[in-house]
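Summary of the model geometry
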Amino acid sequence: MVKATKAEKKIAYDAKLCQLIDEFTQILVVAADNVGSTQLQNIRKGLRGDSVVLMGKNTMMKRSVKIHAENTGNTGILNLMPLLQGNVGLIFTKGDLKEVSEEVAKYKVGAPARVGLVAPIDVVVQPGNTGLDPSQTSFFQVLNIPTKINKGTVEIITPVELIKQGDKVGSSEAALLAKLGIRPFSYGLVVQSVYDNGSVFSPEVLDLTEDDLVQKFAAGISMVTSLALAISYPTLAAAPHMFINAYKNALAISVATEYTFPQAEQVKEFLKDPSKFAVAVAATSADAGGGASAGAAKVEEKKEVVEESDEEDYGGFDMFGDE
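Residues numbered from 1 in each chain as written. Predicted model: local features only at pLDDT ≥ 70, side-chain atom pairs only at ≥ 80, totals over all residues. Heavy atoms only, no water.

On to the sheet that holds strand β7 (residues 147–150), then. Here three strands make up an open sheet; going across it, the order is β6-β8-β7 and the pairing antiparallel. Of all strands in the sheet, those bounded by a partner on one side alone are β6 (128–129) and β7. Two elements, β6 and strand β8 (residues 153–156), share two bridges in a ladder whose sense is antiparallel. When the bridges of β8 are listed, Gly128 appears paired with Ile156. (Pairing = 2+ DSSP bridges. Helix = DSSP H or I, 4+ residues; strand = E, 2+ residues; numbered from the N terminus.)

In structure tokens form, the structure reads like this:
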């Protein structure tokens, strides 16, 4: 079998990328740092069916995207180019973006702390017996980890933050973690950005629920209403508040002057005779209590009926069989 040349490989890659762009409208841009070939193969198998994983050089991907946009007029795909930075890959999918993102996250594997690696998380060594013999105490002394000898083995006394997030792993830290059998880091494809039919957004958007969307929509409506009221610009959201404020102003003028209108007459009557407020409150309380009284009456009536039925005789015999 004749091995393909570099030029032929580039042509085949360009054709495949353009085909995927035409076929799929949703793309996940994922970081592939420290992801091995076996792990990547497992991810491909897990997503097989409605998703395709494509890796490649950024320059090649950018070139293919640019040429495809020029040939097809699909300018929306150009929004993908700024995202092709670093060690990234593309996941083309027709499935639910959130579900695909969660499926990708399942394929993380543990990894040891290698020298020179930037720690993605804090590494804390918990207290306890290490199983190491006393000759290994030099590792702990270099890292200022308090230890004691217990039953012929080294025991860590207190929790120690060995590596902080963002720091590079040193040779001593890497050697100690290897001796303790600790694989503190886990790596896999990490979704960095989401492309959906020309739009690009952060993967955090995929975690939003319907309640979150309703809450954000309500907050936006509140801001629009506040702005409209501040500049006296009528909008559908601000209209009810404007009508209420106008009614309040007209009512204030009516109360302060002899001018009146039907909606203000009852208010004026209450202001002239404040005792009517007490009458109105009492009537409201009575209405509310009336329902409860009626319910209590029905219960009492039902109770009386039950008692009467208990007192009935049964053909001249009482309940105990005596005449």
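So that's the structure; there's more coming.
To continue, consider the packing of aromatic side chains. Aromatic rings considered in pairs are described by the distance between their centres and by the relative angle of their planes. Summed over the entire model, instances satisfying the criterion amount to three aromatic pairs. Ring geometry for Phe185 against Tyr187: centres 6.4 Å apart, planes inclined by 65°, an arrangement best described as edge-to-face. Judged by relative accessible area, Phe185 falls into the buried class, the value being 0%. Residue classification places Tyr187 among the buried positions, given a relative accessible area of 10%. Taken together, a centroid distance of 6.1 Å and an interplanar angle of 40° make the contact between Tyr259 and Phe261 tilted. Residue classification places Tyr259 among the exposed positions, given a relative accessible area of 51%. Note that Lys94 overlies the ring of Phe24, its terminal NZ or CZ placed 5.3 Å from the centroid. (Phe/Tyr/Trp six-rings, centres within 6.5 Å; stacked < 30°, edge-to-face > 60°. Buried < 20%, exposed > 50% of the residue type's maximum accessible area, 1.4 Å probe, protein only. Lys NZ or Arg CZ within 6 Å of the ring centre and 35° of its normal.)

Relative to each other, helix α8 (residues 239–256) and helix α9 (residues 262–272) sit at 50°, their axes nearing to 10 Å. Here α8 is positioned oblique relative to α9, judged by the angle of their axes. Note that α8 runs across α9; the crossing there is right-handed. Contact residues: α8 offers Tyr247, Leu251, Ser254 and Val255, while α9 offers Gln263, Ala264, Val267, Lys268 and Leu271. (Axes fitted to C-alpha atoms, helices over the stretch in contact; angles between N-to-C directions. Parallel < 35°, antiparallel > 145°, perpendicular 65-115°, else oblique. Left-handed = near helix turned anticlockwise from the far one by under 90°. Contact = heavy atoms within 4.5 Å.)

Right, let's talk about a nonpolar patch on the surface for a bit. A grouping of Val205, Leu208 and Leu213 is seen on the molecular surface, where their side chains present a nonpolar patch of about 230 Å² in accessible area. For Leu208, the location among the structural elements is in the loop between β12 (199–201) and α7 (210–231). For Leu208, a relative accessible area of 32% puts it in the partly exposed group. (Patch = residues over 30% accessible without salt bridge, like charges linked within 9 Å, V, L, I, M, F, W, Y side chains within 5 Å. Areas by Shrake-Rupley, 256 points an atom, 1.4 Å probe, with all protein chains shown as cover. Salt bridge = Lys/Arg side-chain N within 4 Å of Asp/Glu carboxyl O.)

Moving on, we come to helix α6 (residues 171–180). Among the residues making up α6, those that are buried are Glu173, Ala174, Leu176 and Leu177. For α6, the angular spread of buried residues about the axis comes to 165°, placing them on one side. Those residues of α6 that are exposed and angled more than 90 degrees off the buried face are Ser171 and Ala178. Contact partners of the buried residues in α6: β5 (123–125), α5 (137–142) and β9 (160–163). (Arc of directions from axis to C-beta.)

If you walk through the whole model with that rule in mind, you get three salt bridges. The salt bridge partner of Lys94 is Glu23, with a shortest N-O separation of 3.5 Å. Of the two residues, Lys94 is situated in the loop between β3 (88–93) and α4 (97–105) and Glu23 in helix α1 (residues 6–23); the sequence distance between them amounts to 71 residues. On the accessibility criterion, Lys94 (52% relative accessible area) is exposed. Take Glu23: its relative accessible area is 40%, and that puts it in the partly exposed class.

A few words on a positive patch on the surface. Together, Lys3, Lys6, Lys9, Lys10, Lys57 and Arg63 make up a region of like positive charge exposed at the surface. With three residues, the single largest contributor to the positive patch is α1. We classify Arg63 as partly exposed; its relative accessible area is 47%. (Lys, Arg positive; Asp, Glu negative; His and termini not counted. Charge placed at Lys NZ, Arg CZ, Asp CG, Glu CD.)

Sheet topology places β7 next to β8; four bridges connect them, and they run antiparallel. Considered in β8, the bridge of Lys148 is made with Glu155. Where β7 folds back onto β8 in an antiparallel hairpin, the turn is made up of two residues, including Lys151, whose phi is positive at roughly 55°.

With antiparallel pairing, the five strands of this open sheet are ordered in space as β2-β3-β1-β11-β12. Every interior strand has two partners, whereas the edge strands, β2 (51–54) and β12, have only one. Neighbouring strand axes in the sheet, compared pairwise and without regard to direction, differ in orientation by 25° on average. Note: strand β1 (residues 26–31) against β3, six bridges, orientation antiparallel. Paired with Leu28 across the bridge in β3 is Ile91.

To continue, consider the nonpolar core. Nonpolar side chains in soluble globular proteins tend to end up buried together. Within the largest apolar cluster, 21 residues are counted, with the highest numbers of intra-cluster contacts made by Phe140, Ile145, Leu162, Ile163, Val169, Leu177 and Phe185. Only β5, β8, β9, α6 and β10 (185–187) provide two or more residues apiece to this core. Once you skip the residues sitting within four places of it in the chain, Leu162 turns out to touch Val123, Val124, Val125, Leu143, Ile145, Glu173, Leu176 and Leu177. By size, the runner-up hydrophobic cluster in this structure holds 20 residues, among which are Val65, Val88, Leu90 and Tyr195. (Core = buried A, V, L, I, M, F, W, Y, C linked by side-chain atoms within 4.5 Å.)

Everything listed here is a matter of geometry and, on its own, says nothing about what the molecule does.
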